[in-house]
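Chain by chain, the residues run as shown.
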Amino acid sequence: MNIAAIDWTILGVGFGFFLGWAIYLNSKCRSVADYLVSGRKVRMWLGMGAGIGGEIGLVSIAAMCEQGYRNGFSFVVGNLISLPITLILFGVYGFGIERFRATRCMSVPQYIEMRFSRNLRVLVGMINCLAGVLQMAIFPIVGAIFVRRLIGAPDTMPMLGFQVSTDWFLMFILLVCPLIFTTLGGYATLIVTNFFQGVLVMFTMTWLLVHVINQAAPPGGGFVAGLQAVWTGMEKNLGEASVNPFAASPEAYGVQFFLFLNLMTILLQFSYGPYLQQYASMDKPRTVSRSYFLSAIFGFGRSLIIFGLGVAALAAIGKVMPAGVSIPPNEWPSAATPYHLGMIGIPAVLMGLVLLALLFADVAVTDKYILSWSTSIVNDCIHPFKSKPFPPEQHIRAVRVTVLVLCVIFFLFGMIYTPGMTIWSFMWLTANLIGGSGIVVLLGMYWSGAKTLGAYACVVVCVLVPLADIIVRQVLARQGTTLPWTPEQTGLYTYVAGALIMILLSLVSREQSKYWDLGKAVREQNAAADRAGEAK
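Counting restarts for each chain: residues are numbered from 1 in the order of the written sequence. Where local features are concerned, this predicted model is filtered to residues with pLDDT of at least 70; where side-chain atom pairs are given and counted, the filter is 80 or more; whole-chain, interface and lining totals use all residues. Each side-chain value is worked out from all heavy atoms of the structure, with water and hydrogens disregarded.

## Describing the nonpolar core
Then, in step 1: Judged by nonpolar contacts, the single largest core of 148 residues is most densely connected at Ile61, Ile112, Met205, Leu208, Leu358 and Met502.
Then, in step 2: The element contributing the most residues to this core is helix α17 (residues 350–382), with 20 residues.
Then, in step 3: In what follows, a contact means two residues having at least one pair of non-hydrogen atoms within 4.5 Å. Beyond its immediate chain neighbours, meaning those up to four positions away, Met205 contacts Ile61, Ile305, Ile306, Leu309 and Leu358. Residues belong to one nonpolar core when they are buried, are Ala, Val, Leu, Ile, Met, Phe, Trp, Tyr or Cys, and are joined through side-chain atoms within 4.5 Å. Only protein chains enter the calculation, and the probe is 1.4 Å; a residue is then buried if its accessible area is under 20% of its type maximum, exposed if over 50%, and partly exposed in between. Runs of H or I in DSSP of at least four residues are treated as helices and runs of E of at least two as strands, each being numbered from the N terminus.

Right under this line is the structure:
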C-alpha cells in the first residue's frame, strides 16, 4: 500500500474535524423534529451544499467510474439532455416537491395516510423500507472493494492470529463511521457535516482528475495534451457510443433507457425516502425548489468529474482486462478505475485527501439513507401498530436501534455478496420497487379523483413486476443466460402500466376523495415565512 505518513495524518485530522462538529451539533438536538428533519430550519445554501454532499456516496463514485469505463461520457450527455427538463419542473416550478413540503409530513407513507388510508400507509411503508434496505445492502461492500483495490491491499489480512477478508475489515469501518455520525444528532448533524463533505469531495475529485489527465499526457505534454489523449482513447474504444446515448450500437443506452431515466428521476422525487426527508427539513416550500435548482447544476459538474476518472481508465487500459490481473471478468469494469489509479500512482497529500473524501462520501450517503429508512421503519412500520405514540426520547432511541440493526444486516449481507450485475443496474432495479408510491403521491397531490383502490393496485403492480424481474435474472444468471430486455425497460413499462391502472380504478371507485389544495398551502406557507423574515 502506497500510503505515506502524511496521508494517515490527513485522514486522522479530517476525521477528528468532522467528529468534533457532530459532537457539537448533538448538543443542539432537543426534539424528534430536530433529530429527524433538523427542526425544519434548513435554508437554501446549506440545503444545497448538503444535498450535493449527501448524494456523492462512495457507492455512487464506484458506480460512476464503472459506467464511465463501460460507456464513456454517454450517460453524462444523456443527463445533460435531461437537465433542462428536471430544472424547469423542480427547480423553477417546484413541481410536487414544494407541495410535499407544504404537507409538513416527514415521509411518503405519512402523506399517503393523510391522502388515502392508514392501511395503505403501512403497506407502502413496508415496501419502500424493504426496497430501500435492499438497495443499501450493497453500499458498504461495494465501497470496501473499491477502496481495497485503490490502495492495493491484499485480499486477506492477519488479525488476532487469523486471516480475515480485507473487504470485511474495510466494510466494518465504513459501517462504524456512519453509525457514530447518525447517532450523534441525527439529521441536524448530517445536514451540516454533509455540507463540508460535499466541498471536500468536489475539491479532491477535481484535483484527482487533473492528476490523472496529466499522467495521460505524452512525455513533455501538458494538461491539454493529456485531455486529448484521454478523449482519443475513449473514441477508439467505444466510437460514437462514447458520447451519443442514442447511437446505433449495442453498447449505447438507447431511447427507452433515456425515457426510463427521466421518468424514474421524476417519480423518485415523490417516493424516495432520503429525498423527501431532505425536502421536509427545509424552512419553507420555496427553499426546496431553489435548493434543487442549484444542487442539480452543481451535481452535473460533479458527475462529469467522476465519470472522467472511469473514461481515463478506459483510454489508458482499453476494454480488455490486462494479462496477469486476477479479477473475475464480470467484475473488471468496476475494478478498472481503482486499478488504473493504483497503476499511475497518487502522490502523497492527494492520497490522504482522496481517502478522507472517500470515507466521508460514504458517511454522507450512508448516514442520510440509513437514517431515512430507519425513520420510515419506526414511523411507518412500527408506530402504526402501537396503541400510544412513542415519547420523544423513546422515539429517537427506536430510530437509533433500527440504525444499528440495519448496519448489522448490511455487514452480514456483504459477507455473502457476489456481484451479478453492474452497480447501477442493481440500484435501478431496487428503485423500481419504490416508483409506484411516487405515482400515487404525484396523482394524489394534483388529481382530486385519485382514490385508494387505484393507489393499492398501482403500488402492487409496481412491486410485483420488478421483483419478478430481479428473481428471474438471478435464476437465469446461474444458468449463464439473461432476459432479452434490460432492467430499465422493465421499470419504464411497469411505471406506465401502474399509472394507467391507478387512473382507471380511481375512475370506477365510488369512495370519497380526501384531496386537499396543496397549492394554496404552498402559497400560504411561503408568505408566512416571508413575513417572519421581514419581522426579524
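So much for the structure itself; the text now carries on.
## Some remarks on the confidence of the model for the protein chain
Then, in step 1: You can read pLDDT as the predictor saying how much it trusts each residue, on a scale of 0 to 100. In this model, the protein chain carries an average pLDDT of 82, and 90% of its residues clear a pLDDT of 70 or more.
Then, in step 2: Within the model, pLDDT remains below 50 along residues 31–42, and this stretch shows 55 contacts once partners closer than five positions in the same chain are excluded.

## Quick notes on the packing of aromatic side chains
Then, in step 1: Any Phe, Tyr or Trp ring, taking Trp's six-membered ring, that has another such ring centre within 6.5 Å forms a pair; planes under 30 degrees apart are called stacked, those over 60 apart edge-to-face, and the others tilted. The tally for this structure, following the rule as stated, stands at 20 aromatic pairs.
Then, in step 2: Arranged with centres 6.2 Å apart and planes meeting at 90°, the rings of Tyr69 and Trp332 form a pair that is edge-to-face. With Tyr69 in helix α4 (residues 58–71) and Trp332 in helix α16 (residues 332–344), the pair connects residues that are 263 residues apart, well separated along the chain.
Then, in step 3: When the ring of Phe75 is compared with that of Phe307, the centres are 5.6 Å apart and the planes differ by 10°; the resulting orientation is stacked. Taken together, the positions of Phe75 in helix α5 (residues 74–92) and Phe307 in helix α15 (residues 285–317) put the pair 232 residues apart, joining distant regions of the chain.
Then, in step 4: Here the guanidinium or amino end of Arg115 rests over the ring plane of Phe116, the centre of that ring lying 4.9 Å away. A ring has a charge above it when a Lys NZ or an Arg CZ is no more than 6 Å from the ring centre and no more than 35 degrees off the ring normal.

## Examining the state of the cysteines
Disulfides are covalent bonds that link the sulfur atoms of two cysteine residues.
Then, in step 1: We call a pair of cysteine sulfur atoms a disulfide whenever their separation is within 2.5 Å. Tallying each qualifying case throughout the model produces zero disulfides.
Then, in step 2: Free cysteine Cys129: the closest other cysteine sulfur is in Cys381, separated by 4.0 Å.

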